[in-house]
Each structure stands twice: as C-alpha cells, then as structure tokens.
Amino acid sequence: MESITGIKHFVKFDTTLVETLPFPAAVHENGILKYCNSIFVNLLQFPLNDITGRSILDFIDPDYTEQTLERLEEYKSDKKHFEPIETVLVNAKKERVYFKIANSVIHFNGARAILAVCTDITQLKNTEEALRKSNAETKKTHRMLQGILDSIPDVIGIQDNAHGILQYNQAGYDYLQTNVDKVQGKRCFELIGNDKPCELCATKETYQTKKPSRIEKYVPELQVWLDCRAYPVLDEQGNLVNVVEHLRDITEQKKAMEELTKTQEQLHQTQKMEAIGQLAGGIAHDFNNQLAGILSFADLLRDKLRSDPALLEWIEYIVTGINRATDLTSQLLAFSRKGKTLSISIDVHSIIKEVSKLLEHTLDKRIELQVQLLAKSSIISGDASQLQNAILNLAINARDAMNKGGTITITTENVHLDQAFCKESLFELHEGAYLCFSIHDNGKGMNKETLERIFEPFFTTKAQGEGTGLGLAGVYGTIKNHKGAIFVQSEPDHGTEFTVYFPLCRNSEPLIKPFSAVADHPLKTGTILVIDDDTTVNLAYSIMLKSLGFRVISCENGVEALDRYKEIWQTIDLVIIDMVMPKLDGRDTYSALKSINPSVKAILMSGYSFNGEAQKIIEEGVKGFLQKPFTRNTLANKIAEVLGTS
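About the criteria used
Residues numbered from 1 in each chain as written. Predicted model: local features only at pLDDT ≥ 70, side-chain atom pairs only at ≥ 80, totals over all residues. Heavy atoms only, no water. 1 Å grid on protein atoms, 1.4 Å probe; cavity = no way out; pocket = protein on both sides within 12 Å on 5 of 7 lines; lining within 4 Å. Points joined across faces, edges and corners; volume = space filled by probe spheres on them. Helix = DSSP H or I, 4+ residues; strand = E, 2+ residues; numbered from the N terminus. Nonpolar A, V, L, I, M, F, W, Y, C, P; charged D, E, K, R; others polar. Buried < 20%, exposed > 50% of the residue type's maximum accessible area, 1.4 Å probe, protein only. Pairing = 2+ DSSP bridges. Phe/Tyr/Trp six-rings, centres within 6.5 Å; stacked < 30°, edge-to-face > 60°. Lys NZ or Arg CZ within 6 Å of the ring centre and 35° of its normal. Axes fitted to C-alpha atoms, helices over the stretch in contact; angles between N-to-C directions. Contact = heavy atoms within 4.5 Å. Core = buried A, V, L, I, M, F, W, Y, C linked by side-chain atoms within 4.5 Å. Salt bridge = Lys/Arg side-chain N within 4 Å of Asp/Glu carboxyl O.

Colleague: An account of empty space enclosed by the protein is requested, with residue identities and associated values reported.
Modeller: For the structure on display, the rule yields three cavities of 30 Å³ or more. For the largest cavity, the calculated volume is near 190 Å³. Forming the walls of the largest cavity are 18 residues, and the residues nearest its centre are Ile56, Ile60, Thr68, Tyr75 and Ile101. Breaking the lining of the largest cavity down by element, the ones donating at least two residues are β1 (25–29), α3 (65–74), β3 (85–90), β4 (96–108) and β5 (111–120). When residues in the lining of the largest cavity are grouped by element, the largest group, four residues, is from α3. In terms of residue class, the lining of the largest cavity is made up of 12 nonpolar, five polar and one charged.

Shown next, in the form of structure tokens:
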C-alpha cells in the first residue's frame, strides 16, 4: 500500500508542478499523449480531449516524422535523460511552431512515460531564417557588385586610411600584373617600386581633405598617363574609413590629343598661309598691272630718247628697277600659287646637278656639299625654271645657316605615300609613288617661333638689306603648285632639314608643250581690239600697238568689248584680253567672242603668271599668253607668232 500511495502522491505532485511551469509541457507513453498542461493546449489550439490519447505524430510537421520515430525508439532505452531535440508542431490553424524539447523519463499513473518540456524558438528560428536569407542576399549582392567591378575596364581599388590595399577589381590585378595574394599587406606606391606616396597623388589628397580628388599624371615607372580619381568613404562620425581609387589609362587619349593639337596647328598654319597667299597674289597682280603701264611708257620713251644717251641711261635705270620689282612679284605669285607655267616632264636629278654646279662656285671652302641621288625614277611634271629656283633657294638658305662651316647633304629617293600620310599632311597629296628630295645642313638651326613663320612672305631672320623674305615663300608656293608637299625639321644648334615630295610622272614625254616665241615673223598691219580694265595700261598698250603699225580699238571691260565686236568683228584681226576684269572676266569674254566668231584669234594677258585658269582658256583656243609687265618687243613677237600661224 505504501508504495502505491507514494506513487500516487508523486503523480499528483508532478502534475501540479508541470501546470505551474511557464513552458508548454506534455507527457506521452510510446508517443501517445497522456497529459499536457494548459500552455501546451493553448499552443496547439485544439480541445484537450482532441489532444490526449492521440499520437504525437499527429501534431508533428511531416518533415520531422522520421526524426520523431527515431527518437521514440530511443526513449525505450534505459536512459533517464535525452539530448534536447528541435522539432516543428502544427497547430489547429496549420501554423508551424518551432520548439526545442527537453525529454526526461518519469512515472505517470504507475507507468514509465516521457515528460517533454518545450521551449518556443519560433522567433529565434524566424530570426535565423531572416539572417540566413539576409546573408544569402548579402553574398548575392557582393557577387553582383564584384561582378560589376570586374566588368569595369578601369582600375578600381579600395585602400584603408594608410594607403594599404584592401582589394582591386580584376582589371586592377591584370593592369598591375599581380593578384590578391601579392597585394596583401602592400601599399599602392609599393606596387610600382616606391617607398613613399607619389608627389602627385589623388588618394593622398583625399586622405588630407576627405573630399573627392582628381589629377592627371605621367607615371614613369609604368610609362603611361593616368587619370587618377579618389573618393572618400566616411563613417557616421565623419571619420575616413576607406578610399576608393579609380585609375584610367589615358595614354592613347593623350597621344590622340597631341596629334589633334598638332593637326589643328597645321590646319591653322595652312589656313594662314592660304589667306596670306590670296593677299600676296592680289597684291602681286595689281602691282604687275601698275608695272605694266610704267614699263610700257618707259619702253616707248627709250625708243624716243635713243639720240640722248644721258636720258636713255635714266630710262634704263627705270627699266632695271621695274625688272627687279617684277622679280619680287614673281616670287609673290609663286607663293600664292598663281605662278605655275605650262607643265612638262622634268628630270629633277638634272636640276639638282645644275644647282650643285652653281653652288660649288659660291660655297665657303669650309662647307662640304654631298649629293646622293638614290631615286631610280626622278621624272616629275612641272616648270623647270621654277623648280630650279626653289631648289636653289633651299640650298642658299642651307649655306647661309652655316657661317662656321659644315656639310650640306642633298638626297633623293623614291617613296610610296599611303592614304594615311596624305590625309594627315594637309597638303594636296594623293596616295602613290613620289620623289622624295631632302636637303640637310648642320648649321645654326631655328627655334619654334621661326619655324611657324618660315614660309610667310617678307618674314626673314637676315639683317636688313640682306633678304626680302620671299625666297622660302616662293619655294612653298612652287611646291604646292606642283602638287607636292614640303616639311621642315630644325632645332637651334642642331641644323635644319627640308623634305619635299613630288608626285612622279608616269612617262617621260612632255605633258603640254610650251609656246615657243617666234621673233622673226613679219608683222602685219591690221586692227587689234585691246580689252583691259586699267585705263593707264590700256592707253600704254594702245600706243605700243600703234607704234608697231596697228589700228587699235580699246575697251575697258568685256561687256563694252562684246558690243563693239558684234558690230565690226569682220574687221578685227586680233583680240588682246586681260584675264581679270569686272563684269566679264577673260574666259567669259573669250567664250562670248568665240560665239560671235568661231575663228577669233586672241592673246590672253594677266598680272598673274600662267596658272590653271589661264591654261583652261588656252585649251579653249586662245593663241598665246603674255604676263604683265612686258616690253614692246615681247608684244611684237607674240603678235607675230599668233598672226603668222594659219
């Protein structure tokens, strides 16, 4: 009896104790629920009668069934206590509740049973799940950000507040030819072999200012230009925690900018030269017109004063001065590209040999002349006299630059200029075969300021009275007239080299045969129509023609001349037309005359030299060309040539 009473007392005591627990608790025998406290009942939200007598498996989440069965088998052992187990119960609302259950062996109603005391860990599990998801999202975000960083071609690095490297993106490791292991514990400047921060350093500036910074600098250790940017990472208190470093290799951009700047300078120089050329050409044309009148009257006076030697000598001084002025305008016309004569095939080697012979008599004995004619083909199309003057001018400039002696080297070679070179040169070059002519001296050289103006008319570094400043200007124009290009390299005390390119001629036959002056044709009497807008020149030529025995009709523009010509064209033997006139220019005037009389004979004259526009008029049927100013004898010969032809 006592033993039974003791057991009953124990059970009553145990039940009371379990009811007072602040945790859900239940008693089961072999998995069959025998008892549960009120907290457990409230947790499952089933009536007590629907709980007791049922298997605990009815309230276990199916995912935990196997685990529960294994534990029920374990409860049959002789153990008194068991390791806590985590499981999930499902309440009447189908809600899953996480528990951690401590199980102990007890005696319940005289039988061996298991007391399960539960601790609700749902919130903890939810927190863990949220944390797990957060960690997963964090890892995902980190992978995404790392992927973004690695996809950036620029170098992105993160440094601590002492220049210590924390991380680079893949481009950073590749650019610096390193890896994660090699940068550990290193500082950025140590990677390029320095023991202290660079003098110019965006990161260092950000450390000091806590603000973003940017600099461009050349890194000699890497032989590159870098665009360096740094961004501060601050904590809530405003303390610098990290610095984000952004490096971009701008070496190619720098080279491109340098090339662009160079091209812009070349273009500016070309435009300036073109503008000066137009001005120079206009001045030369107008000046030649004025010289034409002066020379014509001086020529007429010379004939009248042959009996007075003193006055005749004065006239000769005037004519000499006019000829010198004409030489200057010829150089201006060459520069302005208004001075090209008829083109024929020319052997440049022959011209160089002629110039070399001339130089041998004028060079200081301390100057050595070396000529290396290496080009296999040296035939170009052009004007021999202009090219001779151009080459001679370059040679004389080389001579004058070596007052202490030295060597002048003239060389030729054949080259092929590709499309890229032609496009970049800013000259009117086309891809193909060229003759390259160069003349080098080891004289005093030139500075940058002189080089920029070297081809400008009237610019000279020589003392007053020693040079007009038109020599190289004429060279420049002559070479452009011949569809070539000229380049110059020079440094003070390191000499100068001019390099000239001429397009090679495909054949050795003259392209256009120049008119040959025939002085022995007998002059014919007849009527000549003179068309020139300059009143003085018109008068002078009229007097000259009358002195030669011709009847003269003069007009000062093409419109007036056409009106007269329509009326009396049958009586006109020859028309002399100025090329540049208002209202109708020489070409339009000639075309209109030709529409009236297809057999009209005409001579073209101009203050410009024979150029492209004049060539077109010649091809249309004009019989000859006279460049102003010209003498009466020159005029007479040209008329004899034209009227003497069938």
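This is not the end of the story, as more comes after the structure.
Colleague: Which residues make up the pairing of strand β17 (residues 496–503), and what values go with them?
Modeller: Of all the eight residues making up β17, six are buried; the element is thus mostly covered by neighbouring parts of the structure. Of the strand pairs in this sheet, strand β15 (residues 432–441) and β17 are connected by eight bridges, and their pairing is antiparallel. Looking across to β17, one finds that Phe437 is bridged to Val500. Direction of pairing for strand β16 (residues 485–490) relative to β17: antiparallel, over a ladder of six bridges. Pairing of Ser490 across the sheet is with Thr496, part of β17. The antiparallel hairpin formed by β16 and β17 contains five residues in its connecting segment, where Asp493 sits at a positive phi of about 70°.

Colleague: Run through the packing of aromatic side chains, naming residues and quoting values.
Modeller: For the coordinates displayed, the defined rule picks out 11 aromatic pairs. Here Tyr75 and Phe82 contribute two aromatic rings whose centre-to-centre distance is 4.9 Å and whose plane-to-plane angle is 65°, an arrangement assigned as edge-to-face. Here the aromatic cluster, defined as three or more aromatic residues joined through ring pairs, consists of Phe421, Phe427, Tyr476, Phe487 and Tyr501. Geometry around Phe46 places Arg54 over its ring, the cationic atom sitting 5.9 Å from the centre. Seen from the ring of Trp225, Lys254 lies directly overhead, with NZ or CZ sitting 4.5 Å from the centre.

Colleague: Quick rundown of the sheet that holds strand β6 (residues 155–159)? Include the residues and the values.
Modeller: Spatially, β7-β6-β10-β9-β8 is the arrangement adopted by the five strands of the open sheet, whose pairing is antiparallel. What marks the edges here is a single partner per strand, and that holds for β7 (165–168) and β8 (213–219). Adjacent strand axes in the sheet meet at a mean angle of 25° when their direction is disregarded. By the bridge criterion, five bridges tie β6 to strand β10 (residues 240–249) in an arrangement that is antiparallel. Its bridge partner being in β10, Val155 is matched across the sheet by Leu247. On the sheet, helix α7 (residues 202–209) packs against β6, β8, β9 (224–234) and β10 and is oriented at approximately 25° with respect to β9.

Colleague: Which residues make up the nonpolar core, and what values go with them?
Modeller: Ranked by internal contacts, the top residues of the largest apolar core, which has 41 residues, are Leu394, Ile408, Phe437, Ile439, Ile486 and Phe498. Contributions of two or more residues to this core are made by α10 (348–360), α11 (384–400), β14 (406–417), β15, α14 (471–481), β16 and β17. Examining the composition of this core, we find that six residues originate from one element, α11, more than from any other. In this structure, Ala561, Leu562, Met579 and Val600 belong to the second largest nonpolar core, which totals 22 residues.

Colleague: Break down the pairing of β15 for me, citing the residues and quoting the values.
Modeller: Here β15 lies mainly inside the structure; eight of its 10 residues are buried. In this sheet, β15 lies alongside β14 in antiparallel orientation, the contact comprising 10 bridges. Bridge pairing links Ile408 to Asp441 in β15.

Colleague: Can you lay out the pattern of salt bridges for me, pointing to particular residues and giving the numbers?
Modeller: Under the counting rule described, the total for this entry stands at 17 salt bridges. Across the pair Glu86 and Lys125 runs a salt bridge whose closest N-O atoms are separated by 2.9 Å. Of this pair, Glu86 sits in strand β3 while Lys125 sits in helix α4 (residues 122–151), placing them 39 residues apart in sequence. Assessed through its relative accessible area of 35%, Glu86 is described here as partly exposed. Two residues, Arg587 and Glu620, come together in a salt bridge whose shortest N-O distance is 2.7 Å.

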